[in-house]
Amino acid sequence: MSFFSVFSADLAIDLGTANTLIYMRGKGIVLNEPSIVAFDRNTKKIVAIGNEAREMLGRTHRDIRTIRPMKDGVIADFEIAEGMLREFIRKIHANWSPSRRIVICVPSGVTEVEKRAVRDSAEHAGAKEVHLIAEPMAAAVGIGLDVDAPVGNMVVDIGGGTTEIAVIALSGIVNEESIRIAGDEMNSAIIQFFKKNHNILIGERTAEAIKCEVGSVMPLKEEVTIQVKGRDLVNGIPKTTEASSVEIRDSLNEPVQSIIDAVKLTLERTPPELSSDILDRGIMLSGGGALLKGLDERLRLETNLPVHVAEDPLTAVVRGTGKVLENLNQFTKVLIKSRRY
Ligand code: ADP
Ligand code: MG
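Residues numbered from 1 in each chain as written. Chains lettered and ligands numbered in written order. Predicted model: local features only at pLDDT ≥ 70, side-chain atom pairs only at ≥ 80, totals over all residues. Heavy atoms only, no water.

A. How the structure looks around helix H6 (residues 204-214). All of the buried residues in H6 are Ala207, Ile210, Lys211 and Val214. Seen end-on, H6 carries its buried residues on one side only, within an arc spanning 110 degrees. Facing away from the buried surface of H6 by more than 90 degrees, the exposed residues are Cys212 and Glu213. (Buried < 20%, exposed > 50% of the residue type's maximum accessible area, 1.4 Å probe, protein only. Helix = DSSP H or I, 4+ residues; strand = E, 2+ residues; numbered from the N terminus. Arc of directions from axis to C-beta.)

As structure tokens, this is what we get:
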């Protein structure tokens with residue numbers, strides 16, 4: 001028996017559209033990498049995953065393709081998604097004992113077919129017992145909300161491909177909305193802005209860096225000017241241009257407004273008793289999009305409700321999934337009831 005086999009290797013997995021995080025029972029978060037796969041077009045063999053595949057994004061030659069199999073919150077390519085999950089698990093634990101348990105979180109809007117695919121993937125990766133949990137429920141547990149209580153809580157998780165809005169009470173999701181507008185759409189909006197206003201084509205990673213560093217939705221204390229590198233759309237030559245944080249903010253307005261409108265719509269559809277709970281307790285934000293500067297303030301202004309950003313919003317979902325894994329008996333009610341095939 002190896003030293004590690006004294007630990008249980010049960011896993012909790014947040015298979016996100018942008019990032020995959022794995023929590024190991026008794027150990028905490030053991031993996032946090034982008035949900036990206038690079039594979040050979042001809043053989044479909046995976047050549048890299050996670051950080052390594054991310055480095056290749058936009059820089060591959062014609063035989064290698066990089067994809068994000070979970071893009072848009074649905075599984076774009078089942079085979080590749082399964083391969084990615086298997087490789088991630090292999091990475092954290094070369095001799096992962098196959099008789100183990102996995103709790104895996106899925107976007108709340110997934111179809112039966114997708115649920116089954118996720119379950120199958122986890123089983124093919126070696127799990128004997130697979131439990132599914134909806135992403136906003138996992139976020140709520142990770143934030144530390146008392147999901148069991150007869151009071152309403154609203155969680156808004158803004159990821160890469162989807163924004164999940166849910167009202168939770170008595171261990172169930174009372175009301176939910178999932179839209180395919182989140183971090184990726186913000187990146188696209190920045191790319192479009194530079195195309196239209198600066199005649200320059202910038203890459204996806206550059207757009208994301210701009211969003212994270214100077215992106216905002218409310219006026220900043222000090223507005224800044226940044227230098228941006230890309231390809232001139234007219235003559236095709238690499239060039240540098242200048243843009244202000246004010247312009248970047250304008251470019252982000254459309255996707256941000258769509259998210260806010262979806263939150264308002266969900267509030268309108270919430271039963272009044274739960275609305276009054278939300279009025280007292282406020283809205284909780286999680287997911288990487290919650291880090292966008294001023295988003296909480298803007299949402300507060302538009303809804304007149306208290307808005308809180310989860311502590312370390314990028315890990316809230318996996319921490320919640322991990323908590324469920326560690327206390328499975330206490331949390332059976334929050335798991336997705338799905339048929340076994
Ligand atoms: P998912 O659950 O879909 O994998 P995550 O919760 O991991 O998504 O969040 C990833 C998204 O958060 C990406 O679109 C990323 O650009 C965005 N993000 C990360 N940090 C920031 C930041 N500081 N400001 C704005 N967006 C951010
Ligand atoms: Mg997520």
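That shown, we press on.
B. Quick look at the sheet that holds strand S3 (residues 28-34). In spatial order, the strands read S3-S2-S1-S7-S8; together these five strands make up an open sheet with mixed pairing. The strands lining the two open edges of the sheet, one partner per strand, are S3 and strand S8 (127-134). For this sheet, the mean inter-axis angle between neighbouring strands, taken without regard to orientation, is 20 degrees. Of the pairings in the sheet, the one linking strand S2 (residues 19-24) to S3 comprises six bridges and is antiparallel in character. When the bridges of S3 are listed, Met24 appears paired with Gly28. Of the strands in this sheet, strand S1 (11-15), S2, S3, strand S7 (100-106) and S8 touch helix H10 (residues 316-326), which is tilted by about 150 degrees from S1. (Pairing = 2+ DSSP bridges. Axes fitted to C-alpha atoms, helices over the stretch in contact; angles between N-to-C directions. Contact = heavy atoms within 4.5 Å.)

C. Summary view of the packing of helix H4 (residues 135-143) against H10. Contact geometry for H4 and H10: axes closest at 6 Å, N-to-C directions at 85 degrees. The orientation of H4 relative to H10 falls into the category roughly perpendicular. On H10, the residues that touch Glu135, Ala138, Ala139, Val141, Gly142 and Ile143 of H4 are Ala316, Val317, Arg319, Gly320, Thr321, Lys323 and Val324. (Parallel < 35°, antiparallel > 145°, perpendicular 65-115°, else oblique.)

D. Representation of the pattern of salt bridges. Per the counting criterion, the structure on display carries 18 salt bridges. We note a salt bridge from Arg25 to Asp10, for which the minimum N-O separation is 3.2 Å. In this pair, Arg25 sits in the loop between S2 and S3 while Asp10 sits in the segment before S1, placing the two residues 15 residues apart along the sequence. In this structure Arg25 comes out as partly exposed when scored by relative accessible area, which is 25%. Between Lys264 and Glu302 there is a salt bridge, with the nearest N and O atoms lying 3.0 Å from each other. (Salt bridge = Lys/Arg side-chain N within 4 Å of Asp/Glu carboxyl O.)

E. Inspection of the site of ligand 1 at higher detail. Surveying the vicinity of ligand 1 reveals 17 residues, the closest of which are Thr17, Ala18, Asn19, Glu208 and Lys211. Between ligand 1 and Asn19, the relevant distance is 2.7 Å, taken from an oxygen atom to a side-chain nitrogen or oxygen of the residue. Gly289 places a main-chain nitrogen or oxygen 3.4 Å from an oxygen atom of ligand 1. Surface burial for ligand 1 is 90%, taken as the share of its 590 Å² of free accessible area covered by protein chains. Looking at which element gives the most residues to the shell around ligand 1, the answer is H6, with three residues. Taken together, the residues of the shell around ligand 1 sort by class into five nonpolar, nine polar and three charged. (Near = heavy atom within 4 Å. Polar contact = N/O pair within 3.5 Å; in protein donor to acceptor, adjacent residues only side chain to side chain. Areas by Shrake-Rupley, 256 points an atom, 1.4 Å probe, with all protein chains shown as cover. Nonpolar A, V, L, I, M, F, W, Y, C, P; charged D, E, K, R; others polar.)

F. Fine view of the sheet that holds strand S4 (residues 37-40). Strands sit in the order S5-S4-S6 across an open sheet of three strands; the sheet is antiparallel. Since the sheet does not close on itself, it has two edges, and those belong to strand S5 (46-49) and strand S6 (64-67), each with one partner. On average, each strand axis in the sheet is inclined to that of its neighbour by 20 degrees, with strand direction left out of account. Where S4 and S5 come together, three bridges link them in antiparallel fashion. The residue bridging Ala38 from the neighbouring strand is Ala48, located in S5. In the packing of helix H2 (residues 78-92) onto the sheet, the strands contacted are S4, S5 and S6, and the crossing angle to S5 comes to about 60 degrees.

From the geometry alone we can't say anything about function, so treat these as descriptive.
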